[in-house]
Amino acid sequence: MIHIASPQIGEEEKKAVIEVLESGMLAQGSRVKAFEDAFAEMCGVEHAIATSSGTTALHTALLAHGLGEGDEIITSPFTFISSANSILFVGAKPVFVDIDPLTFNIDPKLIEEAIRPKTKAIMPIHLFGLSADMDAIMAIAEKHDLLVIEDACQSHGAAYKGKKLGSFGTGTFSLYPTKNMTSAEGGMITTNDAEIAKNARVIRQHGMRRRYYHDELGFNFRMTDVHAAIGHEQLKKLPHFNRKRQMNAKYLSENLKGVLTPVVPDGYEHVFHQYTIRVPDGKRDELVEYLRENGVGAGIYYPVPIHKQSYYVTELGYDQILAKAERAAEEVLSLPVHPGLSQKDLESIVSAVNTFMN
Ligand SMILES: *Cc1c(COP(=O)(O)O)cnc(C)c1O
């Protein structure tokens, strides 16, 4: 079976973990700090704050900006559930705006009509490794005085017009094993704002600004030095991982037939967290079955847009129609593109898709 994801763990990660285990210092300490500094440098920002997951990075980032009850945050419905759930965690309301069907990301042309007096922030998702349209989004944010919290959980090292994602607004990343780099579980917040960075560190550690004095409600969202040791080694390999993903994607796009391959607009650096095609004529579900029977682990990201998830419909009362996101959910299919694929794997993927679509 050619798996949809395959974490690339080498001797470097193993050695780094053993060193931490033998040091006797296991929880958040000097390894976390070193990893944060290196991650900030990769993104071209002043501060990075490590957390226990991408979800807690999002949650912490929203709290660090003071977002909460009564606030509305504009975001995309076509993403992993935790993007919007993080908005619910802080007591704010996700307001969904439809996507650009070519990039799968929030359509900036639809954002302004969704802005109301309670709107405080825009949360673009850089889905599948491709940036949202950041010039347009930053211009709207500036015009309406809105915060920008980027969900870059799928876009480590990706760039928009030469600028790394996570450096436009406050960035959030996931380090889950299927992502472009991993710390097993983990997350990262990136920012150029020293006060936001400070707030995030306090929220991550029980709301504690002075040891054992708690003036606000915080959490235990810390990363451990064991996880940071893995993440730091993975960060060194990220450029290589991303290049391999881009080369694999290039091969697939040059050879697949009968399907719509991913679009990379000029000036965007796509890092292909997923290689997501559209399958025409209602054949998607049959193709997934066929691929799995033929040893290709294809995935559907995502089969249900968030505004159609039953919790959002039955508990929260969402009843919007967002036609482009809904159509994407019916047509998308992600093929393996991870750095562990061999040339033979790529040929098998192409041959299976082309045979079925022919
Ligand atoms: C993975 C992911 C998250 C959540 O990250 P976890 O580390 O799994 O908590 C959030 N948003 C998007 C778009 C993701 O892909």
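About the criteria used
Residues numbered from 1 in each chain as written. Predicted model: local features only at pLDDT ≥ 70, side-chain atom pairs only at ≥ 80, totals over all residues. Heavy atoms only, no water. Core = buried A, V, L, I, M, F, W, Y, C linked by side-chain atoms within 4.5 Å. Buried < 20%, exposed > 50% of the residue type's maximum accessible area, 1.4 Å probe, protein only. Helix = DSSP H or I, 4+ residues; strand = E, 2+ residues; numbered from the N terminus. Contact = heavy atoms within 4.5 Å. Near = heavy atom within 4 Å. Polar contact = N/O pair within 3.5 Å; in protein donor to acceptor, adjacent residues only side chain to side chain. Areas by Shrake-Rupley, 256 points an atom, 1.4 Å probe, with all protein chains shown as cover. Nonpolar A, V, L, I, M, F, W, Y, C, P; charged D, E, K, R; others polar. Expected span 1.5 Å × (residues − 1). Domains from an automatic or database assignment. Buried area = accessible area lost by both parts, 1.4 Å probe. Salt bridge = Lys/Arg side-chain N within 4 Å of Asp/Glu carboxyl O.

Asks: Could you give me a rundown of the nonpolar core, with the residues and numbers involved?
Replies: For soluble globular proteins, the rule of thumb is that nonpolar side chains tend to be buried together. Counting residues in each nonpolar core, the largest one holds 36 residues, and the members touching the most others are Leu 62, Ile 73, Phe 78, Phe 96, Phe 104, Met 123 and Leu 127. Elements represented by at least two residues in this core include exactly α3 (54-64), α4 (81-89), β4 (119-123), α6 (194-204) and α10 (323-331). With five residues, the top contributor of residues to this core is α3. Non-local contacts of Met 123, meaning those with residues more than four positions away in its chain, are made with Leu 58, Leu 62, Ile 73, Ile 74, Thr 75, Ser 76, Ser 83, Ser 86, Ile 87, Ile 149 and Asp 151. Within the second largest apolar cluster, 25 residues are counted, among which are Val 296, Ala 298, Leu 333 and Leu 346.

Asks: Describe the site of the ligand, with residues and values.
Replies: The environment of the ligand is formed by 15 residues, the closest being Thr 55, Asp 151, Gln 154, Ser 174 and Lys 179. Gly 54 places a polar main-chain atom, nitrogen or oxygen, 2.8 Å from an oxygen atom of the ligand. Protein contacts shield 92% of the accessible area of the ligand, which totals 380 Å² for the unbound molecule. Among the elements of the structure, α3 and α4 are those that each provide at least two residues to the shell around the ligand. Looking at which element gives the most residues to the shell around the ligand, the answer is α3, with three residues. For the shell around the ligand, the residue count by class is four nonpolar, nine polar and two charged.

Asks: Outline helix α11 (residues 343-357), listing residues and values.
Replies: Given a rise of 1.5 Å per residue, 15 residues ought to cover 21 Å, and the 21 Å separating the end C-alpha atoms of α11 matches this to within 8%. For α11, the set of buried residues is Asp 345, Leu 346, Ile 349, Val 350, Ala 352, Val 353, Asn 354, Phe 356 and Met 357. The elements touched by buried residues of α11 are α7 (225-255), α8 (284-293) and β14 (332-335).

Asks: So what's going on with the domain arrangement of the chain? Residues and values would help.
Replies: When cut into domains, the chain gives domain 1 (11-232) and domain 2 (238-357). For domain 1 and domain 2, the distance between their C-alpha centres works out to 24 Å. With 39 residues of domain 1 in contact, the opposing surface of domain 2 contributes 34 residues. In this assembly, domain 1 packs against domain 2 so that about 3100 Å² is buried in total across both faces, 65% of it on carbon and sulfur atoms. For the side of domain 1 that touches domain 2, the secondary-structure elements that each account for two or more residues are α4, β3 (93-96) and β6 (159-160). Tallying contributions element by element places α4 first for the side of domain 1 that touches domain 2, with four residues. For the side of domain 1 that touches domain 2, the per-class residue count stands at 22 nonpolar, 12 polar and five charged.

Asks: Provide a residue-level description of the pattern of salt bridges, including the pertinent values.
Replies: Per the counting criterion, the structure on display carries 19 salt bridges. Notably, a salt bridge pairs Arg 31 with Glu 19, separated by 3.4 Å at the nearest N-O pair. Taken as a pair, Arg 31 in helix α2 (residues 30-43) and Glu 19 in helix α1 (residues 11-23) lie far apart in primary sequence, 12 residues in all. Under the relative-accessibility criterion, Arg 31 is labelled partly exposed at 28%. The class of Glu 19 is partly exposed, set by a relative accessible area of 35%. The salt bridge involving Glu 72 is made with Arg 116; its shortest N-O contact spans 3.0 Å. Taken together, the residues Glu 72 in strand β2 (residues 72-75) and Arg 116 in the loop between β3 and β4 connect sequence positions 44 residues apart. In this structure Glu 72 comes out as buried when scored by relative accessible area, which is 8%. Residues participating in the shared-partner salt-bridge network are Glu 12, Glu 13 and Lys 237.

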